[in-house]
Amino acid sequence: MRHSLPLAPQFYVTAPQTCPYLEGKRERKLFTALQGDHAEKLNDSLSKQGFRRSQNVLYRPSCSDCSACLSARIRVADFVPTKSQRRALRRNQGLVREARSPWATEEQYALFRNYLDSRHADGGMADMDVFEFAAMIEETPVRSRVIEYRDMTDAENALTAVCLTDVLDDGLSMVYSFFRPDQASRSLGSYVILDHIQIARDAGLPYVYLGYWVPGSAKMGYKAKFSALEVYLGGAWQQLKDPEAYESEAHPLSIDPIAEQVARLTLPDTRPMDD
C-alpha cells in the first residue's frame, strides 16, 4: 500500500511545561511537521506568521493564559546601529565570516558546549550530546547555512561564533547562535546579529528574523535594543513601541482556541501544476 503525505499540514499542540522565560508560567506550543517537497514554501509562509523552525518542526507559542512571546524581526533598510553596536562592530573587525553547508563538526560542538555550560547550564538544551547537536545542525529540509566566525588575530584562527541560519524568501532567520562566553566585552551575540543584517542587505533581503522577544525576560531584553524592530502581534507585524508597554499577562478569554488560531493561518498553495 502506498502512503503519501497529506496535502495540508497537520497542526498539533504540546503538553504544558515550565516556561523557560517567565517565572511561574507554563508554556505550550502549536507545531507542525516540516517535510516533503513543499517544506521551503511552508517555512517561508509560517515564518511570516510568527513561527520558528527546530529541525523538521515549525512551532509557535500558544499558551493558554499568556501571550508574552512575540516573534521579532529587523527591517534591514531602516536599521541604524546605536553607538554601542558600532563599538561592537569595531571590536570584532578581526573576525572573518564563512558560510558553510549545515554539517556539524567537533569544533562547533566544543564551542557550543562551552557556551551552554557558561550561559545556559540550567536551560532545556544543557544536556544535549554531540549526536543531538548534529541533528540540530544537519536535520533541515530547507535552505540552511552554518555561518562561522573565526578570529584572524588569533594564531590558531579560533572559532569564535557560530549561527545556524535559514535563508527565507524575504530574509534570514537566525535559528540558533552561540559564541565564546569568555569574551563578553566583545558583545559577540550582538555582532552576529549586526553581521546578519549586513548579509541580508548585500543579498537584497528585507528582514532578519531574530526569534522571540519576551517582555519581562532578561534573557531576551537585548533584542529590543535593535532599531527598526518589528513584532508579530494580533496577526500582523508592527513596529516595536516602548518595550515596557507590552504586557506578559493575558486574560484567558482573550486567547483564541487552537482551532481558530489554525483556521486563520495562511498556507502556501502546494497544489500540483497542470501540465
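Structure: see above.
Every value quoted in this text rests on a predicted model; they were computed, and no experiment measured them.

Caption draft 1: Structural view of unusual backbone geometry. Its identity is not glycine, yet Q55 carries a phi of approximately 55 degrees, on the positive side. Its location among the elements puts Q55 in the loop between β5 (52–54) and β6 (57–61).

Caption draft 2: Expanded view of the sheet that holds strand β8 (residues 95–100). Read across the sheet, 8 strands follow the order β8-β9-β10-β11-β12-β7-β13-β14 without closing on themselves; strand pairing throughout is mixed. A single partner strand is all that each edge strand has here, and the edge strands are β8 and β14 (236–239). On average, each strand axis in the sheet is tilted by 30 degrees relative to the strand beside it, whichever way the strands run. In this structure, strand β7 (residues 70–75) lies alongside strand β13 (residues 229–233), joined through 3 bridges in antiparallel fashion. Looking across to β13, one finds that I74 is bridged to L229. Most of the contacts of helix α3 (residues 106–119) go to strand β11 (residues 171–179), to which it runs at about 75 degrees, and overall it touches β8, β9 (144–151), β10 (159–167) and β11.

Caption draft 3: Layout of the packing of aromatic side chains. Under the defined criterion, the tally for this structure stands at 16 aromatic pairs. On the numbers, 6.2 Å between centres and 35 degrees between planes, the contact of Y176 with F178 is tilted. The buried category is assigned to F178, whose relative accessible area is 1%. Taken together, the ring pairs in this structure connect Y109, F112, F133, Y176 and F178 into an aromatic cluster. The positively charged end of R73 is found above the aromatic ring belonging to Y207, 3.6 Å away from the centroid.

Caption draft 4: Inspection of the pairing of β14 at higher detail. With 4 bridges connecting them, β13 and β14 associate as antiparallel partners. Note that in β14 the partner of E230 across the bridge is Q239. Connecting β13 to the antiparallel partner β14 that follows it, the hairpin turn spans 2 residues, and G234 within it adopts a positive phi of roughly 65 degrees.

Caption draft 5: Region of the structure containing the layout of surface pockets. Of the voids in this model, the second largest pocket is the one considered here, and its volume is about 700 Å³. Along the walls of the second largest pocket sit 30 residues, with R60, P61, S67, G234 and Q261 positioned nearest its centre. Among the elements of the structure, β3 (26–27), β6, β7 and β13 are those that each provide at least two residues to the lining of the second largest pocket. Considering only residue class, the lining of the second largest pocket consists of 15 nonpolar, 9 polar and 6 charged.

What counts as what
- In this convention, every chain numbers its residues from 1, walking through the sequence in written order.
- Since the coordinates come from a predicted model, pLDDT governs what is reported: local features require at least 70, and pairs of side-chain atoms require 80 or more to be given and counted, while whole-chain, interface and lining totals use all residues.
- Calculation of side-chain values draws on the structure's entire complement of heavy atoms; hydrogens and water are dropped beforehand.
- Only DSSP runs of H or I reaching four residues or more are called helices, and only runs of E reaching two or more are called strands; each is numbered from the N terminus.
- Two strands are said to pair when DSSP picks up at least two bridges between them.
- Every axis in this analysis is a line fitted to C-alpha atoms, fitted for helices over the stretch in contact. Angles between the N-to-C directions lie between 0 and 180 degrees.
- Residue contacts are counted whenever heavy atoms from the two residues lie within 4.5 Å of one another.
- To pair, rings of Phe, Tyr and Trp, with the six-membered ring standing in for Trp, must have centres within 6.5 Å; the planes then decide the type, stacked if under 30 degrees apart, edge-to-face if over 60, and tilted in the middle.
- Under the scheme applied here, a residue whose accessible area is under 20% of the maximum for its type counts as buried, over 50% as exposed, and between as partly exposed, the area being computed with a 1.4 Å probe on protein chains only.
- Whether a charge sits over a ring comes down to the Lys NZ or Arg CZ being within 6 Å of the ring centre and within 35 degrees of the ring normal.
- Within this scheme a cavity is a closed region of a 1 Å grid, computed over the protein atoms alone, that accommodates a 1.4 Å probe without allowing it to escape, whereas a pocket is open but has protein on both sides within 12 Å along at least five of seven lines; lining residues each have an atom within 4 Å of a point.
- Grid points are joined across faces, edges and corners, and a volume is the space filled by probe spheres set on the points.
- Following the grouping adopted for this structure description, the nonpolar residues are Ala, Val, Leu, Ile, Met, Phe, Trp, Tyr, Cys and Pro, the charged ones are Asp, Glu, Lys and Arg, and the polar ones are all others, Gly among them.

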